[in-house]
Amino acid sequence: MRFSLKIAARYLVAKKTHSAVNIISIISVCGVVVTTAALVCVLSVFNGFASLIGGKLSMLDPQIAITASEGKAIANADSLISCLSSIQGVKTAVPTVEDHCLAVFGDYQMPVRLKGVPQGYDSLTSITPAILEGEFLLDDNVSHYAVLSIGAALQLRCRPGFIGQIRLFAPQRRGTVNLANPMGAFRSDSVFVAAVYQIEQSNYDRDLIFVPLSMARFLFDYEHEATSIEVTLLPGTGEQQAMAAISSMLGRDYSVKNRIMQQAASFRMVNIEKWVTFLLLAFIMVIATFNVISTLSLLIIEKDESISTFRYLGATDKQITGIFVAEGWLISLLGAVLGVSLGLLLCWLQQEFGLIALQGSTETLVVRTYPVEIQLPDVALVFALVAAVGLLTSAVTSAIMRRRLPSSCH
């Protein structure tokens, strides 16, 4: 093996007799380098987008959300919160109520998602930095207030400081509709606008309005129920262990999700795109492997005399075959090292200088350049792919040599 590797390394750097072999060898290495660098860059970009989504969604998503497995509401929410507070690592557990209703302000109206939250909810989330105007306020013992998403504020044409109130209408959950008095089929209440926020995520910026929990319970005809219980953990508490403890206490009637599970659709879309792109680039790398095989085939033909000389000097067929198998591995390894190094360099340049910008209006973009995040498992995966390609090259080279060696001995 040492003999084969030494000769293969010499063949790799030595000048070939025919210039075409030199050119094809360079093309083979460049093909592996470019494809490997592209894999590192693409995987890092998708990692960057996933981190960006996670960072933005975590501004309003609770650390752990508990919902009913069946039905819309948790009937015994208040008593469950008392039990949750006894679990080690749980800092707070608060009920929230979310449903759809109609919002009316002057001549403007729109269907909205109304979320009732308790006082101090802003301290449990990162909504405060996202407030564009006003301050997070729900109740001042005189009036009720609402915190509007930017989409709701624009469509209703309202903002903090306006004298008018937003009228909220929700259909009655119980009883029958009196056709003589259609408005009797709705519950209604009014709020002033306290603040407008924007986190640059359409799911939250489009139509979400925060109001006091008591108002939401009144509008949706709840007493002690909640559509969700939001849990915050103490610093240093293991999320998976806490979720396991909560699930064990509550049983199968309740669903326990962390932030990633709450936004599984968004992360699933990014992951699907990431791995589909990886497979496409892996296929391109396999195609690039044919250049390596072509290089080795030409090298075998060129080294016919050397092969005969090795055999006269006592080299076995296994040792001679090992030379060209090692040559294939060296080309793949060289391409992998150079490609990963180039990919990491390009990712670093993108992180530091933002070389490639996203297309679109700068006013609507969350970030102006492609985000990148290098993860070591992805780099290891790229190396594993190149190793698998090298194995394919070695297998083909061995087959070629087994057919070639008998004719080389004459």
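Note on numbering: residues in each chain are counted from 1, in written sequence order. Whole-chain, interface and lining totals are the exception, using all residues; otherwise, since this is a predicted model, local features are given only for residues with pLDDT of at least 70 and side-chain atom pairs are given and counted only at 80 or more. As a convention, hydrogens and water are excluded, and side-chain values are obtained from all of the structure's heavy atoms.

A. Structural view of the packing of helix α1 (residues 2–13) against helix α11 (residues 317–353). The N-to-C vectors of α1 and α11 enclose an angle of 55°; their axes lie 8 Å apart at closest approach. Between α1 and α11, the crossing angle belongs to the class labelled oblique. Crossing of α1 over α11 shows right-handed handedness. Across the interface between the two elements, F3, S4, L5, I7, A8, A9, Y11 and L12 from α1 touch Q319, G322, I323, F324, A326, E327, L330 and I331 from α11. Lines are fitted to the C-alpha atoms to define the axes, a helix being fitted only along its stretch in contact, and any angle between axes, read from their N-to-C directions, falls within 0 to 180 degrees. Each helix is a run of DSSP H or I of at least 4 residues and each strand a run of E of at least 2, with the numbering of both proceeding from the N terminus. Oblique is the label for any angle not covered by the other classes, which are roughly parallel (under 35 degrees), roughly antiparallel (over 145) and roughly perpendicular (65 to 115). Here a crossing is taken to be left-handed if its near helix is turned anticlockwise relative to the far helix by less than a right angle, and right-handed if that turn runs clockwise. When checking whether two residues touch, look at their non-hydrogen atoms; a contact exists if any pair is within 4.5 Å.

B. Fine view of the pairing of strand β7 (residues 186–197). In this description, strands pair whenever DSSP reports at least two bridges between them. One ladder, built from three bridges, connects strand β4 (residues 131–134) with β7; its direction is antiparallel. Note that in β7 the partner of E133 across the bridge is V196. Inspection of the sheet shows strand β5 (residues 145–149) paired to β7 by five bridges, in the parallel sense. Residue L148 lies in a different strand from β7, and its bridge partner there is V196. Sheet analysis places strand β6 (residues 166–171) next to β7, joined by six bridges and oriented antiparallel. Along β7, the bridge assignment pairs A170 with R187.

C. Structural context of unusual backbone geometry. Residue N141 is not a glycine yet carries a positive backbone phi of 70°. Note that N141 resides in the loop between β4 and β5. Throughout this description, buried means an accessible area under 20% of the type-specific maximum (1.4 Å probe, protein chains only), exposed means over 50%, and partly exposed covers the range between. In this structure N141 comes out as exposed when scored by relative accessible area, which is 79%. Phi angles above zero are rare outside glycine, and D221 is one such case at about 60°. Relative to the elements of secondary structure, D221 occurs in the loop between α6 (213–219) and β9 (228–233).

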